[in-house]
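Coordinate analysis (summary)
The chain contents come next:
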Amino acid sequence: MSKVTLPDISLHEYTLDNLRLLGKLRQEHFQTKSEICVERAKYMTEYLRDKANHKESYALQRARAVEYFLAQKAPVFFDDNLLAGSTTTKPMGAPLYPEFFAQTIWPELDTISKRKKNPQSISEDDANLLNLNIFPYWIERSILEQAREEFGADVRLFEKFVYFIASKAGTISHTVPDYRVVVNKGINYLVNLAKAGEEKLAKKPSRTKEEQESLNFYQAVQISLHGMLTYAANLSKHAAELASKEKDVARKKLYTDMAEICRNVPANPAKTFREALNAIWIVQVCILAESSNMAMSPGRLDQILYPFYAKDIAEKRLTVAEAIELVGCFWLKLSDNVIMVPEVSEELFGGAGNVPAVTVGGVDETGADAVNDLTYIMLRATELLRTRDPNLNARYYPGVNSKDYRNRVSEVIANTKAVPAFYNDIEAIKTLMNQGLPLDHARDYAVVGCVELASCGRCYTASSSIILNLVTPFELALYNGRSFNNNTLVTKETGDPATFTSYNQFLQAYETQLKYVMENAINLNNKLGIAHQKYLPTPLLSAIFQGPLEKGKDLIEGGALYNSSGATHIGFADVVDSLSAIEELVYIEKEYTMKDLLAALRADFKGYDRLRQYLLNKAPKYGTDDQIALKNSNWLVHFLFNIYNHTKNYRGGNYWPSFWTMTNHAGFGRLSGALPNGRHAYQPFASGITPESGAAGVLTTALKSVGGLNPMFIPGGYALNLKFTSLANQTNPKERHEDLEKFGGYLEGYFASGGLHVQFNILSYEKLMDAKANPEKDPQLMVRVSGYSAYFNDLNDLMKDELISRTQYNLQTGKAVYYLKG
Amino acid sequence: MSLEFLLKPEMALAKHQLLKCTESELAEDFLKILLNAMSWAFRLDENYRQNIKDFNAVYYFTSVDKSINVTVHYHDSHMDVKHEVATKSNIKITFKDDKALFQFILSGQDLLSPILNQSVMCEGNLNYLNKFGYLSKHLMHMFGL
């Protein structure tokens, strides 16, 4: 039976004019500047330094620290949002995780409030607290230091910055907890499960080492969940206090309602839609007390919350307008925190939010159409608010989900110009099954962070473990193991390509260099993982997952049902095109020698215009039907998969390769030399798995060549970024519908050819150039970067230019509209 | 926060030298000037000295051509600077020239150049570098530079 009962799925009658609360909250959101919040860092440090029993296991010490923090955590209410709880003590706060990378802002404590790009305010008192009280405690205790000193992690390549990022030094997070158990069973249920696990083991007259660790784990779970319950109780108490003092009738009711809600959830099962939303929100806040605020993704909220919505609607406790308002409130809560970003990262990689992904649509575990009224309500809330977070993703199963749904998602993309992304259920499910998931678990996938795939509450994906620059090993192959800008040997010599007599020789050199960097990254990730196991277990998050409580094992020890580590790659199109250029230009057509090419690259093409034009316009390009480019793109995908997917991580799972780049393709591009695809030195690479700008003149061919890269070999997911000049902007409903059908046609064709993911910017070159020149004109302009959304004005110039220059397609003709750089 | 110590002749000279560094192409003798300014600030200002209370660390700065070898030892609220190779350090910073080191530590106009050119390389615990960065930049901040 269809769960779509709305008479108009567009919900256009509901606007920010008649949803006044949402309009007001949205306006306040965009007026709020981000601030550093020291609350978490302060209480975690206070506990671990001054109060912890250091004879206890680290698991217990950490759980108690989290409990201590949550018990002290200020129950603040900033505005009229209908949901209680906040990530930090600031309306828009950047929480600090000194065990990770918080100390990178130490040099900037006097200047971070005033820096040019994305300042993050901090008071003098808080800066002094960090400088004199908090950071000194952690100077030897950051996880990277622990891994280096105690576990012998080799960080030399990592510290050169340009080869790969070992993300575990800064975060794991990147997962989808099991929020179903939160709303349906409540936290007390989980506490009781952990208690039962503890009691069973405590009864044993003697325990093995593993059993003792399980006992500690069950205790740690109870302790950290107790902290969560204390926070919820404090929220309730404070809301009641505010209600008792409040004169305004509406606000008094708001506080009274929140006091009652927090008395019930998340301790107990939710009774209403609002309770369910607030339960999830409070748990999300508490998860971020323990894990960093990076891509902690709520998952399939339209599925999890639908029973509560449907019941409330049927019993006339809720209207559609109220549901949109509540979802909007939740979206704004998800946006109440940002990541702390030091200056050098802002320079290279700036603009990202905290990227909590929400996934709607697709099929349910039986394969039936899962789209329901709440799917459309969430789409409408997204369309109205146009905030960069949450990162909304729309699953689409061709032939099962309706074309009305597909067109409605397309319409939201047209109106927001950027969100949501589309996912092909057929390929995503097959890809997950290929990694060992049964069909029903694979069908219940959600998106993590940018584009990664995970079965909700079952897969511990750690999907950003490695961010690897594919171009630097390519440069090492070009320059015999040396970096492009100095002559020091970085890895190992693989020969001077000027002496190579075949393409295969060059390819082997690249394979050797790439494997070297990959092995380095994998080894460091595994060492960091072991350091996390000892020092940073996550009992609170583990409780909100299927597997750990049954196994008596933290997620970090392999407690989840499915364990993997993600490795994403930057510079895919640039490497493929550079390989193809060498193969054809040097070894097939013999138009130039390798020596000529190397000289041109070292000179950044100064004095080599003819050669560069040849490389840009005649050499094979990925995104076309050129056979060499097709061969090389598939080769690279398979090469990476064959190594990663047969390599075990520290939890016993495999590595899942992916191709999403955030803004790293601009950052890494800035650090790399000229390439045989014709790219100048220090210019951005192409984003995600997208063909290079200007390379793919025909949309259908581009879609076919990306679709042909079988996603089964890219289990971590990928980001295909497309730009259209316009979509469905006609006022005539018939023409508008025709546009949506045409757009849908491209999508169906792409998915039929095997495409997994696609996301859009519906913006012309001119509009983006104008936005860059006149930032005050549209300060809230949202763009799709590579896997997530950002506000255009927050991006550095390099990233803005990269977005401007991305290939733009005309919807009607399917042809590229070429960009001529001034 | 009292900044009276900045009026002392030693600090005025240090400020003048640092200003010249920021304005010059080559930032000649930057490390020497910075460490000298830091040393005076620790001696003259109790607040600044708080930064190295209970702080025990060894920094080793060396130039690529090995002509410069400076070891800075923080201990007992003191700062000792010696022109020698450090056998053991919390962090070793190898730099191509004064300009590169200046850009790297003070994140001037072009923060990325030292990374791009690999003209400054670090080995060891980077958190110590973060602290040194704070000490350096805070000094500049106090000087109004």
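Residues numbered from 1 in each chain as written. Chains lettered and ligands numbered in written order. Predicted model: local features only at pLDDT ≥ 70, side-chain atom pairs only at ≥ 80, totals over all residues. Heavy atoms only, no water.

**Quick look at the overall build of chain B**
- When helices and strands are tallied, chain B shows six helices and five strands.
- In sequence order, chain B lays out its α and β elements as α-α-α-β-β-β-β-α-α-β-α.
- For a compact globule of 145 residues, the expected C-alpha radius of gyration is about 15 Å, and chain B comes in at 15 Å, within 12% of that figure.
- With the C-alpha coordinates aligned to their principal axes, the bounding extent of chain B is approximately 40 × 35 × 25 Å.
- Counting only residues that meet the buried cut, chain B has 53% of its 145 residues in that class.
- Within chain B, residue pairs in contact and separated by at least 24 positions form 66% of the contacts whose partners lie at least 6 positions apart. (Helix = DSSP H or I, 4+ residues; strand = E, 2+ residues; numbered from the N terminus. Rg over C-alpha atoms; globule rule 2.2 N^0.38 Å. Buried < 20%, exposed > 50% of the residue type's maximum accessible area, 1.4 Å probe, protein only. Contact = heavy atoms within 4.5 Å.)

**Notes on the overall build of chain A**
- Broken down by element type, chain A carries 32 helices and 18 strands.
- Taking the principal axes of the C-alpha coordinates as reference, chain A spans close to 80 × 70 × 50 Å.
- Of the roughly 27,800 Å² that chain A leaves accessible, carbon and sulfur atoms contribute 51%. (Areas by Shrake-Rupley, 256 points an atom, 1.4 Å probe, with all protein chains shown as cover.)

**Looking at the environment of Phe-217 of chain A**
All names here are of chain A.
- If you trace the backbone, Phe-217 turns up in helix α9 (residues 209–245).
- The exposure class assigned to Phe-217 is buried, which follows from its relative accessible area of 5%.
- Linking Phe-217 and Ala-357, residues 140 residues apart in sequence, is a C-alpha distance of 28 Å.
- Residues within four places of Phe-217 in sequence aside, it is in contact with Pro-539, Ser-542, Pro-548, Leu-549, Gly-552, Lys-553 and Asp-554.

**Here's the deal with the sheet that holds strand β17 (residues 808–809) of chain A**
All names here are of chain A.
- Across the sheet, which stays open at both edges, the seven strands sit in the order β4-β5-β6-β14-β13-β17-β18 with mixed pairing between neighbours. At either margin of the open sheet sits one strand with a lone partner, and together these are β4 (357–361) and β18 (816–817).
- Here β17 runs beside β18; their pairing, made up of two bridges, is antiparallel. Within β18, the position partnered with Tyr-809 by the bridge is Ala-816.
- Of the strands in this sheet, β5 (391–396), β6 (421–424), β13 (721–724) and β14 (757–762) are in contact with helix α30 (residues 733–752), which crosses β6 at around 40°. (Pairing = 2+ DSSP bridges. Axes fitted to C-alpha atoms, helices over the stretch in contact; angles between N-to-C directions.)

**Re the sheet that holds strand β1 (residues 57–63) of chain B**
Residue and element names in this part refer to chain B.
- Spatially, the five strands line up as an open sheet ordered β3-β2-β1-β4-β5, and their pairing is mixed. The open sheet has two edge strands, β3 (78–82) and β5 (120–124), and neither has a second partner. For this sheet the average axis-to-axis angle between neighbouring strands, irrespective of direction, equals 15°.
- Summarising the sheet, β1 and strand β4 (residues 91–95) pair through five bridges and their orientation is parallel. Within β4, the residue paired with Tyr-60 across the bridge is Lys-92.
- Across the sheet, helix α4 (residues 98–106) is in contact with β1, β4 and β5; its angle to β5 comes to roughly 65°.

**Let's talk about helix α1 (residues 9–23) of chain B**
Residue and element names in this part refer to chain B.
- With 15 residues, α1 extends 21 Å between its outermost C-alpha atoms, agreeing within 8% with the 21 Å of an ideal straight helix rising 1.5 Å per residue.
- Buried residues of α1: Met-11, Ala-14, Leu-18 and Cys-21, and no others. Looking straight down α1, one finds that the buried residues subtend no more than 80° of arc, so they occupy a single side. Across from the buried face of α1, at angles greater than 90 degrees, the exposed residues are Pro-9, Lys-20 and Glu-23.
- The secondary structure elements touched by the buried residues of α1 are α2 (30–44), α4 and α6 (126–143). (Expected span 1.5 Å × (residues − 1). Arc of directions from axis to C-beta.)

**A word on the packing of helix α24 (residues 572–588) of chain A against helix α27 (residues 627–644) of chain A**
Residues and elements named next belong to chain A.
- Where α24 contacts α27, the two axes come as close as 9 Å, and the packing angle between them is 130°. When the axis of α24 is compared with that of α27, the two are oblique. Regarding α24 and α27, the two cross each other, and that crossing is right-handed. On α27, the residues that touch Phe-572, Val-575, Val-576, Leu-579, Ser-580, Glu-583, Glu-584 and Ile-588 of α24 are Ile-628, Ala-629, Lys-631, Asn-632, Ser-633, Trp-635, Leu-636 and Val-637. (Parallel < 35°, antiparallel > 145°, perpendicular 65-115°, else oblique. Left-handed = near helix turned anticlockwise from the far one by under 90°.)

**Quick look at the interface of chain A and chain B**
- The partner chain B presents 26 residues to the 29 residues of chain A that form the contact.
- Counting the surface lost from both chain A and chain B, the interface buries some 2,500 Å², and carbon and sulfur atoms represent 54% of this.
- Of all residues in chain A, Pro-107, Asp-110 and Ile-139 of chain A bury the most surface against chain B, accounting for 22% of the area lost on that side.
- Put simply, chain A and chain B have one salt bridge between them.
- Where Lys-137 of chain B meets Glu-343 of chain A, a salt bridge forms, and the shortest distance between an N and an O atom there is 3.9 Å.
- Here chain A is connected to chain B by nine residue pairs in polar contact (both at pLDDT 80 or more).
- Looking at the side of chain A that touches chain B, the elements with two or more residues in it are α4 (124–138), α5 (143–151) and α15 (343–349) of chain A.
- It is α15 of chain A that provides the largest number of residues to the side of chain A that touches chain B, a total of four residues.
- Its residues assigned to classes, the side of chain A that touches chain B comprises eleven nonpolar, seven polar and eleven charged. (Buried area = accessible area lost by both parts, 1.4 Å probe. Salt bridge = Lys/Arg side-chain N within 4 Å of Asp/Glu carboxyl O. Polar contact = N/O pair within 3.5 Å; in protein donor to acceptor, adjacent residues only side chain to side chain. Nonpolar A, V, L, I, M, F, W, Y, C, P; charged D, E, K, R; others polar.)

**Regarding the packing of aromatic side chains**
- Applying the stated criterion to the full structure yields 44 aromatic pairs over all chains.
- Seen in terms of ring centroids, Tyr-396 of chain A and Tyr-405 of chain A are 6.5 Å apart; in terms of plane orientation they differ by 35°. Their pairing is tilted. When sorted by exposure, Tyr-396 of chain A lands in the same class as Tyr-405 of chain A, which is buried.
- In this structure an aromatic cluster arises from ring pairing among Phe-42, Tyr-48, Phe-55, Tyr-59, Phe-61, Tyr-74, Tyr-128 and Phe-132 of chain B.
- A cation over an aromatic ring shows up here: Arg-43 of chain B above the ring of Trp-40 of chain B, its NZ or CZ 4.3 Å from the ring centre.
- For Lys-131 of chain B, the ring lying beneath its charged end belongs to Phe-55 of chain B, and the centroid distance is 4.6 Å. (Phe/Tyr/Trp six-rings, centres within 6.5 Å; stacked < 30°, edge-to-face > 60°. Lys NZ or Arg CZ within 6 Å of the ring centre and 35° of its normal.)

**A short note on the environment of Asn-293 of chain A**
All names here are of chain A.
- By the element assignment, Asn-293 lies in the loop between α11 (273–290) and α12 (301–304).
- Residue Asn-293 is classed as buried on the basis of its relative accessible area, which comes to 4%.
- Each C-alpha atom, one on Asn-293 and one on Asn-354, is 6.1 Å from the other, the two residues being 61 residues apart in sequence.
- Separated by 2.8 Å, the side chains of Asn-293 and Asn-337 make a polar contact.

**A few points about the nonpolar core**
- Of all hydrophobic cores here, the largest spans 335 residues; its most connected members are Phe-273 and Trp-331 of chain A together with Tyr-59, Phe-61 and Tyr-74 of chain B.
- At 14 residues, the largest contribution of residues to this core is made by helix α21 (residues 503–535) of chain A.
- Once residues within four sequence positions are removed from consideration, Phe-61 of chain B is found in contact with Leu-31, Ile-68, Asn-69, Val-70, Val-72, Ile-93, Phe-95, Leu-101, Ile-105 and Phe-132 of chain B. (Core = buried A, V, L, I, M, F, W, Y, C linked by side-chain atoms within 4.5 Å.)

**Concerning the confidence of the model for chain B**
- When the pLDDT values of chain B are averaged, the result is 88; 91% of them are 70 or greater.
- For this predicted complex, the interface confidence score (ipTM) comes to 0.95, while the overall pTM stands at 0.96. (pLDDT = per-residue confidence, 0-100.)

**Concerning the side chain of Lys-621 of chain A**
Residue and element names in this part refer to chain A.
- Inspection of the secondary structure puts Lys-621 in the loop between α26 (609–617) and α27.
- At 3.1 Å, the side chain of Lys-621 and the backbone oxygen of Leu-615 are in polar contact.
- Filtering out sequence-adjacent residues up to four positions away, Lys-621 remains in contact with Asp-577, Leu-615, Leu-616, Asp-626, Ala-629, Asn-677, Glu-692 and Ala-695.

**Some thoughts on the pairing of β4 of chain A**
Residues and elements named next belong to chain A.
- With respect to burial, β4 is a largely interior element, five of its five residues being buried.
- Bridging between β4 and β5 involves five bridges; their strand directions are parallel. Counted as the bridge partner of Ala-357 is Asn-391 from β5.
- One crossover worth recording links β4 to the parallel β5 by way of helix α16 (residues 373–385), and it is right-handed. (Right-handed = clockwise from strand over helix to strand, strands pointing away.)

**A word on unusual backbone geometry**
- Cis geometry is found at the peptide bond from Val-265 of chain A to Pro-266 of chain A, where omega equals 5°.
- By the element assignment, Pro-266 of chain A lies in the loop between α10 (249–264) and α11.
- Val-419 of chain A connects to Pro-420 of chain A through a cis peptide bond whose omega is 0°.
- Take Pro-420 of chain A: it is sitting in the loop between α17 (403–416) and β6.
- For Ala-462 of chain A, which is not glycine, the phi dihedral falls at a positive 40°.
- Among the structural elements, Ala-462 of chain A can be located in the loop between β9 (459–460) and β10 (466–469).
- Here the phi dihedral of Ser-77 of chain B falls at roughly 60°; this positive angle occurs in a residue that is not glycine.

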